[in-house]
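Listed here are the chains, written in short residue letters.
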Amino acid sequence: MALPETILPTASAKRFCVSMNAFISDLLHAGIVQFGRFRHGERVAPFLLSLELLPSYPDLLRQSAQHLISCLPGEVDRLLCLQDSLPLAVALGLESGLPVIYSRQTANTASLALAGAYDIGHKTTLILNALGQSSFPAGLVSHAERVGLSVVSAAGLIALDRDAPVPACAPLTLSEIAQAAHKVGGLSSQQMQAVQTWRPTHH
């Protein structure tokens, strides 16, 4: 019986791997992803995500969009986001050429009114900073669909989980970042295990 053919990584795959490892290292050095013991509401978690810092690191923000673009379905022609993920969505819009629609909702405003150019029938991807970091914004999606957008997928830079009512994608998982940190001695085996077994709780 013939042995299965060995498939070697292509040059582009090797470059992508090196690029992703360097990107993870930069996220860690910038403090955008931290490991330790951090309070998440009433829980203590073994990590802290500070993706709101991305606009302070323009090169990291651009790289984030470049990695995230692979998560966009080919038929999508609009991006939708909340205020907290607007910088990432705009960076992704610049990389992909897709228009961005965002919610005007803030901590002081209950309205989900949308800002942006759109019409009935646009297939749309919801952009989140991280998948599973907080409850899925079902209210925003319902409102967007009431005004004619068709939300067909969700995408985030880092996945804690992919529990969403639409197909969801992220170029990185928290576990992969923990493994990379462990490989270079920045995270103990015990800490890495704590990250890998942690699960978000949504209310």
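Heads up: these notes are all about the structure in this document. No experiment lies behind these values; they were computed from the predicted model shown.

### As for the state of the cysteines
Under the definition given, this model contains one disulfide. With a sulfur-sulfur separation of 2.2 Å, C71 is cross-linked through a disulfide to C169. Since a negative S-S torsion denotes a left-handed disulfide, the C71-C169 link at about -60° is left-handed. Taken as a pair, C71 in the loop between α2 (58-68) and β3 (78-81) and C169 in strand β8 (residues 168-169) lie far apart in primary sequence, 98 residues in all.

### Here we look at the environment of L149
Here L149 is to be found in the loop between α4 (138-146) and β7 (150-159). Among the residues examined, L149 registers a relative accessible area of 2% and is labelled buried. A sequence separation of 24 residues divides L149 from T125, and the C-alpha atoms of the two residues are 9.8 Å apart. The contact partners of L149, leaving out residues within four places of it in the chain, are I101, L114, Y118, D119, H122, T124 and A144.

### As for the nonpolar core
In this structure, V33, F35, L49, I127, I158 and L174 are the most contacted members of the largest nonpolar core, which totals 43 residues. Ranked by residue count, the leading element in this core is helix α3 (residues 86-96), at five residues. Every residue in contact with I127, bar those within four places of it in the chain, is listed here: L68, L72, L79, L80, C81, S85, L88, A89, L92 and A155. In terms of nonpolar packing, the next biggest core, distinct from the first, is built from 15 residues, L131, L140, A159 and A170 among them.

### Considering the pattern of salt bridges
Under the counting rule described, the total for this entry stands at one salt bridge. A salt bridge links R62 to D59; its shortest N-O distance comes to 2.1 Å. Of this pair, R62 and D59 both sit in helix α2, three residues apart, which is roughly one turn of that helix. A relative accessible area of 35% means that R62 is categorised as partly exposed. Under the relative-accessibility criterion, D59 is labelled partly exposed at 40%.

### Describing the packing of aromatic side chains
This model, assessed by the stated rule, comprises one aromatic pair. With centroids separated by 4.8 Å and ring planes inclined at 85°, the aromatic side chains of F47 and W198 adopt a geometry described as edge-to-face. Highlighted residues: F47 in strand β2 (residues 43-49) and W198 in the segment after α6 (189-197), separated in sequence by 151 residues. The two residues F47 and W198 agree in class, both being buried.

### Focus on the environment of V33
Considering the arrangement of structural elements, one finds V33 in strand β1 (residues 33-40). A residue is classified by how much of its surface remains accessible, and V33, at 2% relative accessible area, is buried. Sequence spacing of V33 and A178 is 145 residues, and the spatial spacing of their C-alpha atoms is 9.5 Å. Look past the residues within four positions of V33 in its chain and what remains in contact with it is L27, L28, L48, L49, I158, L174 and I177.

Criteria and cut-off values
Residues numbered from 1 in each chain as written. Predicted model: local features only at pLDDT ≥ 70, side-chain atom pairs only at ≥ 80, totals over all residues. Heavy atoms only, no water. Disulfide = S-S within 2.5 Å. Helix = DSSP H or I, 4+ residues; strand = E, 2+ residues; numbered from the N terminus. Buried < 20%, exposed > 50% of the residue type's maximum accessible area, 1.4 Å probe, protein only. Contact = heavy atoms within 4.5 Å. Core = buried A, V, L, I, M, F, W, Y, C linked by side-chain atoms within 4.5 Å. Salt bridge = Lys/Arg side-chain N within 4 Å of Asp/Glu carboxyl O. Phe/Tyr/Trp six-rings, centres within 6.5 Å; stacked < 30°, edge-to-face > 60°.

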